[in-house]
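Structural overview
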Amino acid sequence: MGFEIEQPCVELSKVAVSETHGEDSPYFAGWKAYDENPYDELTNSSGVIQMGLAENQVSFDLLEKYLEENSEASTWGKGAPGFRENALFQDYHGLKTFRTAMASFMEQIRGGRAKFFPDRVVLTAGATAANELLTFILANPGDALLVPTPYYPGFDRDLRWRTGVNIVPIHCDSSNNFQITPQALEAAYQAAEAKNTKVRAVLITNPSNPLGATIQRSVLENLLDFVTRKNIHLVSDEIYSGSVFSSSEFVSVAEILEARNYKNAERVHIVYSLSKDLGLPGFRVGTIYSYNDKVVTTARRMSSFTLISSQTQHLLASMLSDKKFTENYIETNRERLRKRYNMIIEGLKSVGIECLKGNAGLFCWMNMSPLLEKKTREGELELWNAIVHEVRLNISPGSSCHCSEPGWFRVCFANMSEETLEVALERIRSFMERIKKE
Amino acid sequence: MVLGGKSQQLLSKIATNDKHGENSPYFDGWKAYDRNPFHPTNNPQGVIQMGLAENQLCFDLIEEWIRNNPKASICTPEGLHQFRNIANFQDYHGLQEFRNAMANFMSKVRGGRVRFDPERILMSGGATGANELIMFCLADPGDAFMIPTPFYPGFVRDLCWRTGMQLIPVHSDSSNNFKITREALEAAYKKAKEDNINVKGLIITNPSNPLGTTLDKDTLKSLVSFTNEKNIHLVCDEIYAATVFSSPNYVSVAEVIQEVEHCKRELIHVIYSLSKDMGFPGFRVGIVYSFNDEVVNCGRKMSSFGLVSSQTQHMLASMLSDENFVTRFLKENSRRLEKRHDKFMKGLEEVNITRFPSNAGLFCWMNLKSLLKEPTFEDELKLWRVIIHEVKLNVSPGSSFNCSEPGWFRVCFANMDDETVDIALNRIRAFVGRETKKPLGMKRWQPNLSLSFSSRMFDETAVMSPHSPIPTSPLVRAT
């Protein structure tokens, strides 16, 4: 053949070419800035400090100590006698010891105020997979989930990308500390209906990301009543439940269901993970806890696509069934996070920056709206640009979390040493002083 | 607690359809095994599991390596200093050393005849996750992939359940040794077009499950040409690549594309896993290797839904970059598979059971046509019930693999020890012996079972995983 006939490139799927994975958004400029110039205490003290990553690095020593003292239980033992069985184990029910340990850990986090049955625990490779999986089960392509704003940016990908399901925002604002009101709920539902979109569930994150605050009991009660009235589901992502600074301040939807004797519980599903509370995002440990038998069965089958490595299940089964260890861990972790939180809040306050009153999580919700030239998304992005490139802190602008009020920023504080946090606060101080002069 | 019930209609179509595959009669064999599992001392009359394609022949080598390499674990005193870095690592690119080690391993499995680029390696939740991922990247709901029969039953769930994709079987049969012919492919493709079905590609498994054979180079080349010509994708599931134990040598699609002129590499994708070659199904190591840059980029983002545990990545990075170990392992793995295969074949030959000649895999494709009264699938299933309940072996009927001709059965032999193989062979010999002694014309066996194959709801109170080896595996000795 003397000539090449140009063939049209065979298409990939619509999912493959869509941008719903979210990575082409302007917010990645912050990551880029960090990647190109990452802060290092010794080698690059003028680099960009990463404050956009909600990681928990304050309690690794507790985990390491446990492993030091229990090396045999967490590996396959001397001579690896348990290796073969573990390597072969691919049952989507998961290791019974691990499921039992997870259920018990979840109970401990809630101060024993709710019971979790191991047989309702479904295991997935991370909360990312859990949230997507639940969406596949609860909604058809084109349907909608109602999600209160501001919300974790990853939801745009996790809930929508491959599922074809839409997110309709429930707008919340600072007038009442961003709590979900009945009016906002109803408005969101109506908005979906107006677009001929079937609403299938409300999905909340409790404690909230990015607010760093727990949802009040009355709001949860109201949500339960709402989903029952509308005959839809409620998904409660409780990934930060172990990061509440004071145990008594967290109310899980599980507690409310128990108080109601599990009436209408079959529409409620809880997502959990060890990525934040234990600081183990690399291990890919997520769970779905559903009060609906059919959802449990179906989710379990679907988890075949995203099982947790049996090696990791084995390690964590040992660790999490050690009640003495888990009690101490939960308490100490809470304490350390609270200390960090106070440090950053005080530091910001001292230069005139207010934050939303928070009580949980690995971040604070900072209000910089007084500094905005224009109280618009553009104004917020301009300020953000300055913070990333001049102050050299990668924080997350509220618009990336779909916040309807410009000027709010999420600032993470648990993924660095105290010294680095001091450096960050110092930089903010200088920045605020510069601004005052101008 | 009153739960469940009226909210059935509140679940999605995907949640309420049958595409998870667990309502198939295929699972009855599992149930029989679960209720009465064989154990050499505790339950010697139990059902022997021969429906599970697992590789249990080389764990001693791996255990030895683990004992000698405590640094590969982040839980041992020697490896603990790496704990926090590894535990914190969730980058969907995967650990560089893991990708390097996988690329290296995949190359070694193919005799070094092809190099793999670590930057093209994507992780997923086992081959189950990998196969689903590639379909999400290549096909829209309603699109189709052609697939030669017989094929792994799990594909219906893996490729179609959540993707909304459909499969177009391309039939082959024993008259030409189950070869995938150009004619069959063209015919299937043409028919799909006439039916207005959008064919996006062809998926093959090489070495084949359930045939246990490798594709010859010419056939592979013709598959590449066919898909190139039609401008559709070619997905090659090479999950059994290191289970090749005798000639002909294995030829991977990755090698073939180096030889095909003007090959459109962007249409070629390889699926891999460590579940069969190394016997690690529990570790969920699935790999998508694509020669298409866009697929790599998009697939990498998608891998967030099924990343390999960093703890496991770390251990395997260490193990698979140990060149000496890998060389020794691959050689010994082949040798032991060959030995096990030969032992099993010899046993079958003694009672004149023929099987499809194979050079790979963890199973053999057994021909029991002579035991069928009529060459029908109904009789195949009747015979299958007898094998499970009277002979007490859980084998897999050809119909569950979408085989177009009745009478074939897949029998796994690498998930047990030598003694159990002997027992299984004895049972087969006794059964066939009984059958062949009966006068011709008389109905050969009287199924006396309450098992029924009418469609029914899967018993959810006794839910078990179709992949489960069940804790009472014959190799677990009571301690």
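In this text the structure is predicted, and so the values were computed from the model without any measurement. (Residues numbered from 1 in each chain as written. Chains lettered and ligands numbered in written order. Predicted model: local features only at pLDDT ≥ 70, side-chain atom pairs only at ≥ 80, totals over all residues. Heavy atoms only, no water.)

In terms of burial, helix α13 (residues 310-320) of chain A is largely enclosed, as 10 of its 11 residues are buried. Those residues of α13(A) that fall on the buried side of the exposure criterion are A:Ser310, A:Gln311, A:Thr312, A:Gln313, A:Leu315, A:Leu316, A:Ala317, A:Ser318, A:Met319 and A:Leu320. (Buried < 20%, exposed > 50% of the residue type's maximum accessible area, 1.4 Å probe, protein only. Helix = DSSP H or I, 4+ residues; strand = E, 2+ residues; numbered from the N terminus.)

Right, let's get into helix α16 (residues 418-437) of chain A. Residue and element names in this part refer to chain A. Helix length check: α16 (20 residues) gives 29 Å between terminal C-alpha atoms against 28 Å at 1.5 Å per residue, within 8%. Residues of α16 that are buried: Thr420, Leu421, Ala424, Leu425, Arg427, Ile428, Phe431 and Met432. Buried positions in α16, seen along its axis, are confined to an arc of 155° and lie on one side of it. For α16, exposure combined with an orientation more than 90 degrees from the buried face picks out Lys436 and Lys437. Looking at the buried residues of α16, the elements they touch are β1 (49-50), α14 (323-349), α15 (377-391) and β11 (393-394). (Expected span 1.5 Å × (residues − 1). Arc of directions from axis to C-beta. Contact = heavy atoms within 4.5 Å.)

What follows deals with the UniProt feature "domain: Aminotransferase class I/classII large" (unreviewed entry) in chain B. Sequence positions flagged by UniProt for "domain: Aminotransferase class I/classII large" (unreviewed entry) are, in local numbering, residues 48-428 of chain B. Here residues 48-428 of chain B is 41% helix and 15% strand, with 12 Å between the C-alpha atoms at its ends. (UniProt positions renumbered as here; feature names shortened; annotations may be inferred.)

In this section: the confidence of the model for chain A. Looking at chain A, pLDDT values average 94 and 97% of them are 70 or higher. Scored below 50 in pLDDT, residues 1-8 of chain A makes four contacts in the model with residues more than four places away or belonging to other chains. (pLDDT = per-residue confidence, 0-100.)

Before going further, it helps to spend a moment on the packing of aromatic side chains. Inspection of every chain in the model, using the stated rule, returns 38 aromatic pairs over all chains. Consider the rings of A:Phe283 and B:Phe83, whose centres lie 6.0 Å apart with planes at 80°: the pair is edge-to-face. Highlighted residues: A:Phe283 in the loop between β7 (268-273) and β8 (286-290) and B:Phe83 in helix α4 (residues 83-88), drawn from two different chains. Judged on exposure class, the residue A:Phe283 and its partner B:Phe83 are both buried. (Phe/Tyr/Trp six-rings, centres within 6.5 Å; stacked < 30°, edge-to-face > 60°.)

The next subject is unusual backbone geometry. Geometrically, the link from B:Asn206 to B:Pro207 is a cis peptide bond, its omega value of 5° lying close to zero. A cis amide bond links B:Ser247 to the next residue, B:Pro248, at an omega of 5°. Mapped onto the elements, B:Pro248 comes out in the loop between β6 (233-237) and α10 (253-256). You will see that A:Asn196, though not glycine, has its phi angle at about 60°, which is positive. Mapped onto the elements of the fold, A:Asn196 is located in the loop between α9 (182-194) and β5 (199-205). For A:Asn196, a relative accessible area of 74% puts it in the exposed group.

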